[in-house]
Amino acid sequence: MIIDIHVHIPYRGLEDVEVGWREKFERMLIAAQKAGIERQVILGLSSNNEFIRELVDKHRDKLIGFVRGCCTDPNAPVIVERFVKEYGFRGVKIHAEPNWPLSGLLSAHAIFLKAAELNVPVVIHSWHDEEGLTHEARTLIIQEGFSFPVRIIAELGRRYPDTKFVFAHMGGMWAKALNAARPYPNIYFDTSGFDPERGIIESAVEMIGADRILFGSDAPGRSYISQLAKVKYADIGESDKRKILGENALKLLKEVS
């Protein structure tokens, strides 16, 4: 079984879905089926979790919902619990928010504790840190919320050993991110949304083991086929490929307290 742990509603901004997004998502389901993907975890970029709920209710055999955790909302833990317990969602997604960069992740303490209590994972958007950037580029990235210092990966692993974290896009600065995560078995990475650079999957397996890597496509931003190829044609064992493509996700999403 292939499980894609990272897909989105067709969107044109972090808070806006595209016109005709329902029809476009139906086409995504067909494309995923053709690629051999049986289940998909759909993550909210928009703060409107009801869109995700609508799709999951319609396609329960194909979709698994993750509720958007809004870190600036004091009611976020209550919202997370409702979507998990009442609507069958299986995890939380955290992304940058207006006036709230990902470097402030430690302020999401209550959400992380609630996820641990419910025994659901937290997927966190992550991308390149500021190393090597010009001052102008660094300022822009911080303003847009896409900067992610990899030191926070280790800090979250240390502070919240009972919370399972999945850092998207292999942590962005993947070599640094993997190295920071080595001592923390509660930290996982997905393979989504970066170019299929040679050696990334092999290095990840070598550094932290195949058990902590999950396949993700970042569709519709990336194609299913190109993202699958990174794993299917990686120079790793077939058992490791099976773990990454589905077995690890099955274990991670299996139980909800």
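For clarity, every value in this text was computed on a predicted model and none was experimentally measured.

1. Section: the nonpolar core
By size, the foremost hydrophobic cluster in this structure holds 72 residues, and its most contacted members are Ile94, Phe112, Ile124 and Phe189. Looking at which element gives the most residues to this core, the answer is helix 8 (residues 200–208), with six residues. If near-sequence neighbours (up to four positions away) are discounted, Ile94 is found in contact with Gly69, Cys71, Trp100, Leu102, Leu105, Ala108, Ile111, Phe112, Val122, Val123, Ile124 and His125. Among the nonpolar cores identified, the runner-up in size contains 14 residues, and Ile5, Val41, Leu214 and Leu253 belong to it.

2. Comments concerning the side chain of Asn186
For Asn186, the position within the fold is in the loop between helix 7 (174–181) and strand 9 (187–190). A relative accessible area of 7% places Asn186 in the buried class. Separated by 2.9 Å, the side chain of Asn186 and the backbone oxygen of Tyr160 make a polar contact. Setting aside residues up to four positions removed in sequence, Asn186 forms contacts with Leu156, Gly157, Tyr160, Pro161, Thr163, Lys164 and Phe165.

3. Re unusual backbone geometry
Trans peptide bonds make up the majority, and among non-glycine residues the majority have a negative phi. Residue Pro220 follows Ala219 across a cis peptide bond; omega there is 5 degrees. With respect to the secondary-structure elements, Pro220 resides in the loop between strand 10 (213–214) and helix 9 (224–232). You will see that Met170, though not glycine, has its phi angle at about 55 degrees, which is positive. Position of Met170 relative to the elements: it lies in the loop between strand 8 (165–167) and helix 7. A positive phi angle, near 70 degrees, is found at Asp218, a position not held by glycine. Position of Asp218 relative to the elements: it lies in the loop between strand 10 and helix 9. For Asp218, a relative accessible area of 11% corresponds to the buried category.

4. As for the packing of helix 9 against helix 10 (residues 238–252)
As a packed pair, helix 9 and helix 10 sit with axes 10 Å apart at the nearest point and diverge in direction by 145 degrees. Facing Leu228, Val231 and Lys232 of helix 9, the residues of helix 10 in contact are Lys241, Ile244 and Leu245. Residues belonging to the contact of helix 9 with helix 10 are distributed by class as follows: four nonpolar, no polar and two charged.

5. Description of helix 1 (residues 21–34)
Here helix 1 spans 20 Å end to end across 14 residues, near enough to the 20 Å set by a 1.5 Å rise per residue. Buried residues of helix 1: Trp21, Phe25, Met28, Leu29 and Ala32, and no others. End-on view of helix 1: buried residues confined to an arc of 105 degrees, all on one side of the axis. For helix 1, the exposed residues lying more than 90 degrees away from the buried face are Arg27, Gln33 and Lys34. Buried residues along helix 1 sit in contact with strand 1 (3–8), strand 3 (16–17), strand 4 (39–43), helix 2 (49–58), strand 5 (63–68) and helix 9.

6. Quick look at the environment of Tyr11
Looking at the element boundaries, Tyr11 is found in strand 2 (residues 11–13). Sequence-distant contacts of Tyr11, defined by excluding residues within four places in its chain, comprise Asp16, Val17, Glu18 and Leu45.

7. Concerning the confidence of the model for the protein
Per-residue confidence for the protein averages 88 on the pLDDT scale, and 88% of its residues sit at or above 70. Mean pLDDT values for the elements of the protein range from 60 in helix 5 (residues 135–144) up to 98 in strand 10.

8. Here's the deal with the side chain of Arg212
Following the sequence through the fold, Arg212 ends up in the loop between helix 8 and strand 10. Buried Arg212, no salt bridge; nearest opposite-charge side chain is Asp211, N-O distance 8.5 Å. A distance of 2.9 Å separates a polar side-chain atom of Arg212 from the backbone oxygen of Ile187. Leaving out residues up to four positions away in the same chain, Arg212 has contacts with Ala181, Arg182, Tyr184, Pro185, Ile187, Tyr188, Phe189 and Asn248.

9. Considering the sheet that holds strand 4
Spatially, the eight strands line up as an open sheet ordered 1-4-5-6-7-8-9-10, and their pairing is parallel. Each edge of the sheet is formed by a strand with only one pairing partner; in this case those strands are strand 1 and strand 10. The pairing of strand 4 with strand 5 spans four bridges and is classified as parallel. The partner of Gln40 across the bridge, within strand 5, is Leu63.

10. Brief notes about the pattern of salt bridges
Counted according to the given criterion, the structure contains 14 salt bridges. In this structure, the salt-bridge partner of Lys85 is Glu81, at a minimum N-O distance of 3.0 Å. Of this pair, Lys85 and Glu81 both sit in helix 3 (residues 76–85), four residues apart, roughly one helical turn. With a closest N to O distance of 3.4 Å, Glu238 and Lys241 form a salt bridge. In this pair, Glu238 and Lys241 both sit in helix 10, three residues apart, roughly one turn of the helix. Residue classification places Lys241 among the buried positions, given a relative accessible area of 10%. Within the structure, one salt-bridge network assembled from shared partners comprises Glu50, Arg53, Asp57 and Arg60.

What counts, and at which threshold
- Residues numbered from 1 in each chain as written.
- Predicted model: local features only at pLDDT ≥ 70, side-chain atom pairs only at ≥ 80, totals over all residues.
- Heavy atoms only, no water.
- Core = buried A, V, L, I, M, F, W, Y, C linked by side-chain atoms within 4.5 Å.
- Buried < 20%, exposed > 50% of the residue type's maximum accessible area, 1.4 Å probe, protein only.
- Helix = DSSP H or I, 4+ residues; strand = E, 2+ residues; numbered from the N terminus.
- Contact = heavy atoms within 4.5 Å.
- Polar contact = N/O pair within 3.5 Å; in protein donor to acceptor, adjacent residues only side chain to side chain.
- Axes fitted to C-alpha atoms, helices over the stretch in contact; angles between N-to-C directions.
- Nonpolar A, V, L, I, M, F, W, Y, C, P; charged D, E, K, R; others polar.
- Expected span 1.5 Å × (residues − 1).
- Arc of directions from axis to C-beta.
- pLDDT = per-residue confidence, 0-100.
- Lys, Arg positive; Asp, Glu negative; His and termini not counted.
- Salt bridge = Lys/Arg side-chain N within 4 Å of Asp/Glu carboxyl O.
- Pairing = 2+ DSSP bridges.

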